[in-house]
Amino acid sequence: MLYAFISQGLGRTAFDGSTSLGHAQQAKTHPWNRSVGQRRPRTARFLAVAAQQADPVNLYGPFWDYAKTMMENRFEDLANYPIPDGFCRKEAMTGRGARQQLVTTQSYAYRTSKIRQIRAAHVQGGKALQVLNFVMFPHLNYSLPFFGADLVSLPGGHLIALDMQPLFHTKEYQEQYSDPVREIFEKHRVGLPWGGDFPEEAKPFFSPCFLWTRPSDDLTVQTRVFEAFKDYLSKYIELVDAAVPETDPDELDKIRQSQLAYLSYRAEKDPARGMFTRFYGPEWTEEYIHGFLFDLERKMEEGSYAIPPVLA
């Protein structure tokens, strides 16, 4: 899920003749200057060598490869989730002359007996644009939080968000799902400082262990961000393994309402809408958002989603 507070950065890219983060610095509601554009010293020689060997034009490919391998190893019942026709891969040529660039959006989707949809959108537009949007939505009979990783790279810097987004904000829920992540959060926030304010309306959708940062260099993404990504993903899978299905009708209704509220908000506010519309047109974009990225409401309306019988 591309969080609402990075919408300014995705609003314009170098393909239309602007440096997106530089443009976003003009917006008073986004304090970009605190981190983006300030280079951090490279203190470890071996990290620098590793960064030189990495492919800066496929910055998040290794992240997705790692995630896919981990899920294959730890989810015994991992299966393909249907991707509607036309969404597995989409390409467009953008820009003019020397700025012309091929942009590709590759989609992946899986499911398990506990996770309704695991999906990723990997956008590659050369050095001007790199995005990995990776989310897990649990089945409606589990109180599990959502797993969310939004990794965005633009000409002026990087926008990184990792979280296990809560369904509820009770003390009991936090003890069950946020407290186990606290050690990981504290470990990584040292090298990945807070990225600044974000809209009040979005705050209910984040946990106390929301890791939100704006590195200025590729090295930090390839090392510190990658390590945080691995830790958050591993911990989330631990929580999934330990989860038991909810059976109380009132609790099931609360889970359903919370998930639908989040998905409705995200589909309405998705900041990638403008980017995808420019690349692929409005019709494809709206169908991609409602028919794939946030598809639960439509599937429930169609009657094509039901809690797996063996877990009901």
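As a reminder, the structure under discussion sits directly above these lines.
Residues numbered from 1 in each chain as written. Predicted model: local features only at pLDDT ≥ 70, side-chain atom pairs only at ≥ 80, totals over all residues. Heavy atoms only, no water.

*Asks:* In this structure, what is going on with the overall build of the protein chain? I would like to understand it.
*Replies:* The helix and strand inventory of the protein chain stands at 11 helices and 8 strands. Sorting the 312 residues of the protein chain into buried and exposed places 54% on the buried side. (Helix = DSSP H or I, 4+ residues; strand = E, 2+ residues; numbered from the N terminus. Buried < 20%, exposed > 50% of the residue type's maximum accessible area, 1.4 Å probe, protein only.)

*Asks:* For this particular structure, what's the right way to read the pairing of strand β7 (residues 157–165)?
*Replies:* The side chains of a regular strand alternate between both faces of the sheet. Buried residues dominate β7, accounting for 9 of its 9 residues. Side-chain alternation along β7 places Gly157, Leu159, Ala161, Asp163 and Gln165 on one buried face and His158, Ile160, Leu162 and Met164 on a second face that is also buried. Summarising the sheet, strand β6 (residues 146–154) and β7 pair through 9 bridges and their orientation is antiparallel. Each bridged residue has a counterpart across the sheet, and for alanine 149 the counterpart in β7 is leucine 162. Here β6 folds back onto β7, and the loop between the two strands holds 2 residues. Of the pairings in the sheet, the one linking β7 to strand β8 (residues 211–213) comprises 3 bridges and is antiparallel in character. Counted as the bridge partner of isoleucine 160 is threonine 213 from β8. (Pairing = 2+ DSSP bridges.)

*Asks:* What is the right way to look at the pattern of salt bridges in this model?
*Replies:* Pairing between side chains of opposite charge can happen when their charged atoms approach one another. This structure, assessed with the given rule, holds 13 salt bridges. Ionic pairing is found between lysine 203 and glutamate 200, a salt bridge with its closest N-O pair at 2.7 Å. Salt-bridge contacts for glutamate 287 lead to arginine 298; the nearest nitrogen and oxygen are separated by 2.5 Å. Separated by 11 residues along the polypeptide, glutamate 287 in helix α10 (residues 282–293) and arginine 298 in helix α11 (residues 296–302) bring together distant segments of the chain. Judged by its relative accessible area of 28%, arginine 298 is partly exposed. (Salt bridge = Lys/Arg side-chain N within 4 Å of Asp/Glu carboxyl O.)

*Asks:* Got a minute to help me understand the packing of helix α6 (residues 182–189) against helix α7 (residues 218–242) in this structure?
*Replies:* When two helices pack together, their arrangement is given by the angle between the helix axes and by the axis-to-axis distance. With their axes 10 Å apart at the nearest point, α6 and α7 run at an angle of 180° to one another. Considering their axes alone, α6 and α7 lie roughly antiparallel with respect to each other. Across the interface between the two elements, Ile184, Phe185, Lys187 and His188 of α6 pack against Arg224, Glu227, Ala228, Asp231, Tyr232 and Lys235 of α7. Residue classes in the contact of α6 with α7 are distributed as 4 nonpolar, 1 polar and 5 charged. (Axes fitted to C-alpha atoms, helices over the stretch in contact; angles between N-to-C directions. Parallel < 35°, antiparallel > 145°, perpendicular 65-115°, else oblique. Contact = heavy atoms within 4.5 Å. Nonpolar A, V, L, I, M, F, W, Y, C, P; charged D, E, K, R; others polar.)

*Asks:* Explain the nonpolar core to me, please; I cannot follow it from the model alone.
*Replies:* Among soluble globular proteins, nonpolar side chains are generally buried collectively. Ranked by internal contacts, the top residues of the largest apolar core, which has 86 residues, are Phe134, Met136, Phe229 and Tyr232. Per element, the largest residue contribution to this core is 11 residues, and it comes from α7. (Core = buried A, V, L, I, M, F, W, Y, C linked by side-chain atoms within 4.5 Å.)

*Asks:* What am I meant to see in the packing of aromatic side chains here?
*Replies:* Two measures describe an aromatic ring pair: the distance that separates the ring centres and the angle between the ring planes. The full count for this structure, using the stated rule, is 28 aromatic pairs. Taking the centre distance of 5.2 Å and the plane angle of 65° together, the rings of phenylalanine 63 and phenylalanine 229 count as edge-to-face. Taken together, the residues span a long stretch of sequence, with phenylalanine 63 in helix α4 (residues 61–74) and phenylalanine 229 in helix α7 at a distance of 166 residues. Both residues of the pair, phenylalanine 63 and phenylalanine 229, count as buried. By the ring-pair criterion, three or more aromatic residues cluster together here, those being Tyr60, Phe63, Trp64, Tyr66, Tyr108, Tyr110, Phe134, Phe147, Phe226, Phe229 and Tyr236. Above the plane of the ring of phenylalanine 294 lies arginine 119, whose end atom (NZ or CZ) is 5.0 Å from the centre. (Phe/Tyr/Trp six-rings, centres within 6.5 Å; stacked < 30°, edge-to-face > 60°. Lys NZ or Arg CZ within 6 Å of the ring centre and 35° of its normal.)

*Asks:* Hey, could you run me through the pairing of strand β3 (residues 101–111) in this one?
*Replies:* When strand β1 (residues 79–80) meets β3, the two strands line up antiparallel, connected through 2 bridges. Its bridge partner lying in β3, alanine 79 is registered against arginine 111. In this sheet, β3 lies alongside strand β2 (residues 89–94) in antiparallel orientation, the contact comprising 6 bridges. Paired with glutamate 91 across the bridge in β3 is threonine 104. Joining the antiparallel neighbours β2 and β3 is a turn of 6 residues, in which glycine 95 adopts a positive phi near 80°. In the sheet, β3 pairs with strand β4 (residues 115–124) via 7 bridges, with the strands oriented antiparallel. Residue pairing in the sheet places tyrosine 108 in a bridge with alanine 120 of β4. Connecting the antiparallel pair β3 and β4 is a turn made up of 3 residues.

Remember that the coordinates give geometry; whether it matters functionally is a separate question.
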